[in-house]
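Coordinate analysis (summary)
Chain by chain, the residues:
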Amino acid sequence: MSVKGPASYFPSIEQKYGRPIAEWQQLIVDSPLTKHMELVGWLKTEYGLGHGHANALVAHTLATGQKGN
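Every value quoted in this text rests on a predicted model; they were computed, and no experiment measured them.

On to the pattern of salt bridges, then. Enumeration according to the criterion identifies one salt bridge in this entry. Glu 23 is paired through a salt bridge with Arg 19; the nearest N and O atoms lie 2.9 Å apart.

What follows covers the nonpolar core. The tendency in soluble globular proteins is for nonpolar side chains to be buried as a group. Formed by 13 residues in total, the largest nonpolar core has its most connected members in Trp 24, Leu 43 and Leu 57. Mapped onto this core, the elements with two or more residues apiece are helix 1 (10-17), helix 2 (21-30), helix 3 (36-47) and helix 4 (51-63). When neighbours within four sequence positions are excluded, Trp 24 is seen to be in contact with Ile 13, Tyr 17, Arg 19, Leu 43, Tyr 47, Leu 49 and Leu 57.

The next thing to look at is the packing of helix 2 against helix 4. The axes of two packed helices give the description: the angle between them and the distance between them. In the contact formed by helix 2 and helix 4, the axes pass within 10 Å of each other and the chain directions differ by 70°. What the angle tells us is that helix 2 and helix 4 run roughly perpendicular. On helix 4, the residues that touch Ile 21, Trp 24, Gln 25, Ile 28 and Val 29 of helix 2 are Leu 57, Val 58, His 60 and Thr 61. Classifying every residue of the contact of helix 2 with helix 4 gives six nonpolar, three polar and no charged.

So, about the packing of helix 2 against helix 3. Packing of helix 2 against helix 3 brings their axes to within 11 Å, and their N-to-C directions diverge by 120°. By the angle between their directions, the pair helix 2 and helix 3 is classed as oblique. Every pair of crossing elements has a handedness; the one defined by helix 2 and helix 3 is right-handed. Residues Trp 24, Leu 27 and Ile 28 of helix 2 form the contact with helix 3, whose participating residues are Leu 39, Trp 42, Leu 43 and Tyr 47. Among the residues forming the contact of helix 2 with helix 3, the class breakdown is seven nonpolar, no polar and no charged.

Criteria and cut-off values
- Residues numbered from 1 in each chain as written.
- Predicted model: local features only at pLDDT ≥ 70, side-chain atom pairs only at ≥ 80, totals over all residues.
- Heavy atoms only, no water.
- Salt bridge = Lys/Arg side-chain N within 4 Å of Asp/Glu carboxyl O.
- Core = buried A, V, L, I, M, F, W, Y, C linked by side-chain atoms within 4.5 Å.
- Buried < 20%, exposed > 50% of the residue type's maximum accessible area, 1.4 Å probe, protein only.
- Helix = DSSP H or I, 4+ residues; strand = E, 2+ residues; numbered from the N terminus.
- Contact = heavy atoms within 4.5 Å.
- Axes fitted to C-alpha atoms, helices over the stretch in contact; angles between N-to-C directions.
- Parallel < 35°, antiparallel > 145°, perpendicular 65-115°, else oblique.
- Nonpolar A, V, L, I, M, F, W, Y, C, P; charged D, E, K, R; others polar.
- Left-handed = near helix turned anticlockwise from the far one by under 90°.

Here it is, written out as structure tokens:
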């Protein structure tokens, strides 16, 4: 069965930006920002991610409760 949702972007993110997903998720968790779109904007500005990739990383990280808000 194919991966659906935000995780479906993960192979493309790893290939394009050269970092494992766990590293991106840790950056999100460690960020003082808490709101979804703030985190998306931060990833786009600080790391040059495209909107879809940043959104997928943030959505998945927040949905799995890793941020602990």
